[in-house]
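# What the coordinates show
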2 protein chains.
Amino acid sequence: MSERTQPRIGVVGLGTMGGAMAANLAKAGFPLTAWNRTPGRSHELEALGIDIAATPRALASTADIVLVCVSDTPDVEAVLFGPEGVAEGAAPGSLVIDCSTIDPAGSRRFAARLAEKGIGFVDAPVTGGSEGARNATLAILVGGAPADVERARPVLAAIGRTITHLGPVGSGQAAKAVNQVILAATYLGVAEGLVLALKAGLDPQQVVEALSGGAAQSWVLANRSGRMLANEYPLGFKVALHLKDLGIALDIARESGAVLPIAALVAQLEAGLVATGHGDDDMSALARAIRGLSGLEA
Amino acid sequence: MSERTQPRIGVVGLGTMGGAMAANLAKAGFPLTAWNRTPGRSHELEALGIDIAATPRALASTADIVLVCVSDTPDVEAVLFGPEGVAEGAAPGSLVIDCSTIDPAGSRRFAARLAEKGIGFVDAPVTGGSEGARNATLAILVGGAPADVERARPVLAAIGRTITHLGPVGSGQAAKAVNQVILAATYLGVAEGLVLALKAGLDPQQVVEALSGGAAQSWVLANRSGRMLANEYPLGFKVALHLKDLGIALDIARESGAVLPIAALVAQLEAGLVATGHGDDDMSALARAIRGLSGLEA
């Protein structure tokens with residue numbers, strides 16, 4: 001452990017989310033090192049005065065806290081435990097914060113392996129998208145031991161607006177899965193409603209406005225119905241990533257005995273979108289599926 | 001037509017919705033007569049100075065505008081065209097406003113029959129529930145000829161907050177069907193998310209709070225998740241009525257070629273709730289279905 005008042009942070013993963021988090025941590029005054037599998041936006045971050053490490057191991061050897069933000073369970077496993085991984089470089093007493101969205105069983109497995117080396121772990125997946133990451137307005141869903149979560153809190157406060165500690169390691173991931181299940185239904189429901197409006201000959205934008213003050217109100221209706229009506233799906237949040245997240249939710253469901261018919265249906269429709277080349281669309285492209293089934297331009 | 005500045009209104013149907021509308025019309029100063037199939041809340045309304053008519057025909061013979069608020073298409077047909085019905089008493093130049101939620105094809109049929117007698121018709125189904133009816137904050141979805149809608153507007157302004165004219169007769173009903181489809185998905189999605197949270201061992205109330213600021217935000221999550229967690233479903237809006245409304249939406253979908261998988265799934269689950277004695281529960285009781293499938297108390 002360093003004796004600096006601001007712990008030194010290492011950020012692993014400089015994609016849309018991790019890159020924005022690194023920039024916000026630098027702005028908040030944390031001494032920072034970063035690493036990315038591909039060069040990506042390293043140049044931008046160097047311009048912000050952020051050192052780029054050669055390997056996750058090198059990064060971890062200088063960091064008090066390592067923040068990971070990559071795509072999926074195997075990616076987290078690779079950067080933590082692969083050759084030249086974080087676990088080879090991190091000192092006992094350091095802490096890993098995983099902001100990736102992965103399987104909670106994976107989080108628990110990784111936490112146990114790190115604990116053998118005296119390294120703490122919290123899972124801290126986020127909601128709020130690329131805009132939330134840029135503006136540091138993310139909602140952060142945290143699982144971990146209370147002392148680890150308290151150590152993580154000042155770091156998380158620099159990248160998000162609300163920090164909720166939901167229980168032991170894995171709890172943040174489970175709550176994120178709940179979020180993705182609710183999103184699945186809300187997006188598909190708005191898509192079905194808009195297609196019905198179009199097929200019934202209504203002005204769908206007028207319908208959206210008329211319904212927005214009532215029980216049908218949602219963030220999706222307010223913020224994503226326009227894309228569905230234009231049939232254009234700029235990011236946002238990729239279909240392929242939401243499908244990955246629904247896979248996690250359906251794994252938790254199978255293991256715990258929860259039955260989630262809409263989540264399963266949406267996963268099927270999203271798999272179809274990925275198979276037909278729409279995996280990089282924003283997930284509002286679920287409207288493509290309903291439009292296509294209904295004989296509208298998709 | 002009367003020469004009074006305030007037209008005389010006749011209200012047919014004094015249930016939860018129609019009774020509240022009648023009370024608000026009386027408060028707004030409209031001279032008023034009312035009729036209900038069963039005595040219902042006639043006594044309350046007499047206390048407000050509202051005359052009770054013996055038949056819809058008698059009511060219509062003294063009214064400039066007849067406002068109908070009953071349950072389903074056959075109920076509207078019966079009060080308009082049955083023996084001692086509105087059509088037998090209404091004068092040429094009078095207007096029928098139908099606030100019931102019915103099949104838009106029915107609305108068009110009834111409008112055509114009334115037009116043969118020189119009687120106008122607008123469909124004006126509402127959203128906002130019993131609370132919206134009491135507080136005159138309903139959203140009103142209106143279909144009809146522009147001149148008829150303008151005549152209806154001062155009456156509707158006394159019972160609701162937003163009045164949207166969506167097109168010719170039937171358009172209000174089609175927009176209401178869109179609302180009910182979006183509700184179906186939003187309710188079931190929140191139910192699935194909460195059951196997943198419970199099965200994963202999370203504090204579901206804490207999860208609701210953590211997710212409420214993000215993309216999963218909706219009126220249903222904010223206002224109905226508590227009932228789903230308590231597994232208690234006071235009204236609200238009855239499962240049996242929402243099932244009736246989804247039937248209308250699925251009829252429009254079949255006729256127009258819209259494909260609505262979640263709406264069809266929710267209709268099946270609601271039919272199961274009705275068959276097992278839960279048709280009079282609030283529609284948040286969709287959570288019973290997911291709880292039951294998942295082995296939780298339902």
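Residues numbered from 1 in each chain as written. Chains lettered and ligands numbered in written order. Predicted model: local features only at pLDDT ≥ 70, side-chain atom pairs only at ≥ 80, totals over all residues. Heavy atoms only, no water.

### A few points about the overall build of chain A
In terms of helices and strands, chain A carries 14 helices and nine strands. For 298 residues, the compact-globule estimate of 2.2 N^0.38 gives 19 Å, and the C-alpha radius of gyration of chain A, at 20 Å, lies within 12% of that figure. Taking the principal axes of its C-alpha atoms as reference, chain A extends roughly 65 × 45 × 35 Å. Counting only residues that meet the buried cut, chain A has 57% of its 298 residues in that class. Within chain A, counting contacts between residues at least 6 apart in sequence, those at least 24 apart form 67% of the total. On chain A, roughly 10,900 Å² of surface is accessible, and the fraction owed to carbon and sulfur atoms is 53%. Treating the 23 positive side-chain charges of chain A as one cloud and the 29 negative ones as another, the clouds have centres 1 Å apart. (Helix = DSSP H or I, 4+ residues; strand = E, 2+ residues; numbered from the N terminus. Rg over C-alpha atoms; globule rule 2.2 N^0.38 Å. Buried < 20%, exposed > 50% of the residue type's maximum accessible area, 1.4 Å probe, protein only. Contact = heavy atoms within 4.5 Å. Areas by Shrake-Rupley, 256 points an atom, 1.4 Å probe, with all protein chains shown as cover. Lys, Arg positive; Asp, Glu negative; His and termini not counted. Charge placed at Lys NZ, Arg CZ, Asp CG, Glu CD.)

### Notes on the domain arrangement of chain A
Residues and elements named next belong to chain A. What the domain assignment reports for chain A is domain 1 (3–169) and domain 2 (174–293). If you average the C-alpha positions of domain 1 and of domain 2, the two centres end up 29 Å apart. The interface is formed by twelve residues belonging to domain 1 together with nine residues belonging to domain 2. In total, domain 1 and domain 2 occlude about 870 Å² of area from one another, counting both sides; carbon and sulfur atoms represent 63% of this. (Domains from an automatic or database assignment. Buried area = accessible area lost by both parts, 1.4 Å probe.)

### Details of the interface of chain A and chain B
Each partner contributes to the interface: chain A provides 53 residues, whereas chain B provides 53 residues. Inspection of the chain A/chain B interface yields zero salt bridges. One can count 13 residue pairs in polar contact (both at pLDDT 80 or more) joining chain A with chain B. Ranked by residue count, the leading element in the side of chain A that touches chain B is helix α9 (residues 171–199) of chain A, at 19 residues. A breakdown of the residues in the side of chain A that touches chain B according to their chemical character gives 38 nonpolar, 13 polar and two charged. (Salt bridge = Lys/Arg side-chain N within 4 Å of Asp/Glu carboxyl O. Polar contact = N/O pair within 3.5 Å; in protein donor to acceptor, adjacent residues only side chain to side chain. Nonpolar A, V, L, I, M, F, W, Y, C, P; charged D, E, K, R; others polar.)

### Digging into the relation of the copies chain A and chain B
When chain A is fitted onto chain B, the two copies agree to an RMSD of 0.0 Å after a turn of 180° and an axial shift of 0.0 Å. The superposition of one copy onto the other is thereby described by a two-fold rotation axis. The C-alpha atom lying nearest the rotation axis in chain A is that of Ser218(A); the distance is 1.9 Å. The fraction of interface residues of chain A whose copies in chain B are also interface residues reaches 100%, indicating that both copies meet through the same surface. (Least-squares fit on C-alpha atoms with pLDDT ≥ 70 in both.)

### Points about the packing of aromatic side chains
Residue and element names in this part refer to chain A. Overall, the coordinates contain two aromatic pairs over all chains when judged by the stated rule. Centroid distance Phe81 to Phe110: 5.7 Å. Interplanar angle 50°. Geometry classified as tilted. Taken together, the residues Phe81 in helix α4 (residues 73–81) and Phe110 in helix α6 (residues 104–115) connect sequence positions 29 residues apart. Here Phe110 falls in the buried class, since its relative accessible area comes to 0%. (Phe/Tyr/Trp six-rings, centres within 6.5 Å; stacked < 30°, edge-to-face > 60°.)

### Some remarks on the state of the cysteines
Applying the stated criterion across every chain, the model contains zero disulfides over all chains. Take Cys69(A): it sits in no disulfide, and the sulfur closest to it among the cysteines is that of Cys99(A), at 5.7 Å. (Disulfide = S-S within 2.5 Å.)

### Describing the environment of Arg134(B)
Residue and element names in this part refer to chain B. Positionally, Arg134 belongs in helix α7 (residues 129–135). Linking Arg134 and Gly19, residues 115 residues apart in sequence, is a C-alpha distance of 8.8 Å. Ignoring sequence-local partners within four residues, the contact set of Arg134 consists of Ala20 and Asn24.

### A look at empty space enclosed by the protein
With a probe scaled to a water molecule rolled over the atoms, the places where space remains empty come into view. Residues and elements named next belong to chain A. Taken as a whole, this structure holds one cavity of 30 Å³ or more when the rule is applied. Estimated volume of the largest cavity: approximately 30 Å³. Lining of the largest cavity is provided by Ala191, Leu194, Val195, Leu198, Met228, Leu229, Ala287 and Arg291. Elements supplying a minimum of two residues to the lining of the largest cavity: α9, α11 (219–230) and α14 (286–293). The element that contributes the greatest number of residues to the lining of the largest cavity is α9, accounting for four residues. A breakdown of the residues in the lining of the largest cavity according to their chemical character gives seven nonpolar, no polar and one charged. (1 Å grid on protein atoms, 1.4 Å probe; cavity = no way out; pocket = protein on both sides within 12 Å on 5 of 7 lines; lining within 4 Å. Points joined across faces, edges and corners; volume = space filled by probe spheres on them.)

### Considerations on the nonpolar core
Membership of the largest hydrophobic core comes to 100 residues, with the highest contact counts inside it found for Leu196(A), Met228(A), Leu196(B) and Met228(B). In contact with Met228(B), not counting residues within four places along its chain, are Tyr187(B), Val190(B), Ala191(B), Leu194(B), Val220(B), Tyr233(B), Ser284(B), Ala287(B) and Arg291(B). (Core = buried A, V, L, I, M, F, W, Y, C linked by side-chain atoms within 4.5 Å.)

### Here we look at the confidence of the model for chain A
Residues with a pLDDT of 70 or more make up 98% of chain A, whose mean pLDDT is 95. Both scores are given for the predicted complex: the pTM is 0.95, the ipTM 0.95. (pLDDT = per-residue confidence, 0-100.)

### With respect to the packing of helix α9 (residues 171–199) of chain B against helix α14 (residues 286–293) of chain B
Residue and element names in this part refer to chain B. Where α9 contacts α14, the axes come no closer than 9 Å and their chain directions differ by 40°. α9 and α14 meet at a crossing whose hand is right-handed. Judged by residue contacts, Ala184, Tyr187, Leu188, Ala191, Glu192, Val195 and Leu198 of α9 engage Leu286, Ala287, Ile290 and Arg291 from α14. Here the contact of α9 with α14 is composed, by residue class, of nine nonpolar, no polar and two charged. (Axes fitted to C-alpha atoms, helices over the stretch in contact; angles between N-to-C directions. Left-handed = near helix turned anticlockwise from the far one by under 90°.)

### With respect to the pairing of strand β6 (residues 120–123) of chain B
Residue and element names in this part refer to chain B. Burial along β6 is two-sided: Gly120 and Val122 and Phe121 and Asp123, pointing in opposite directions, are all buried. Bridge analysis of strand β5 (residues 95–98) against β6 gives four bridges, and the strand direction is parallel. Within the sheet, the bridge partner assigned to Leu95 lies in β6 and is Gly120. What joins β5 to β6 is helix α6 (residues 104–115), and the crossover it makes is right-handed. (Pairing = 2+ DSSP bridges. Right-handed = clockwise from strand over helix to strand, strands pointing away.)

### Digging into α9(B)
Count 3.6 residues to each turn of an α-helix, and residues three or four apart come out pointing the same way. Residue and element names in this part refer to chain B. Here α9 spans 42 Å end to end across 29 residues, near enough to the 42 Å set by a 1.5 Å rise per residue. Most of α9 is tucked away, with 27 of its 29 residues classed as buried. Phi turns positive, to about 80°, at Gly201, one or two residues after α9. (Expected span 1.5 Å × (residues − 1).)

### Quick notes on the pattern of salt bridges
A side chain with one charge may pair with a side chain of the opposite charge, provided their charged atoms come close. All names here are of chain A. One pass over the full model with this rule turns up 22 salt bridges over all chains. A salt bridge links Asp75 to Arg37; its shortest N-O distance comes to 3.8 Å. Of this pair, Asp75 sits in helix α4 while Arg37 sits in the loop between β2 (32–35) and α2 (42–47); the two residues are 38 residues apart in sequence, bridging distant segments of the chain. The exposure class of Asp75 is partly exposed, given its relative accessible area of 23%. Through salt bridges with shared partners, a single ionic network connects Arg57, Glu84 and Glu88.

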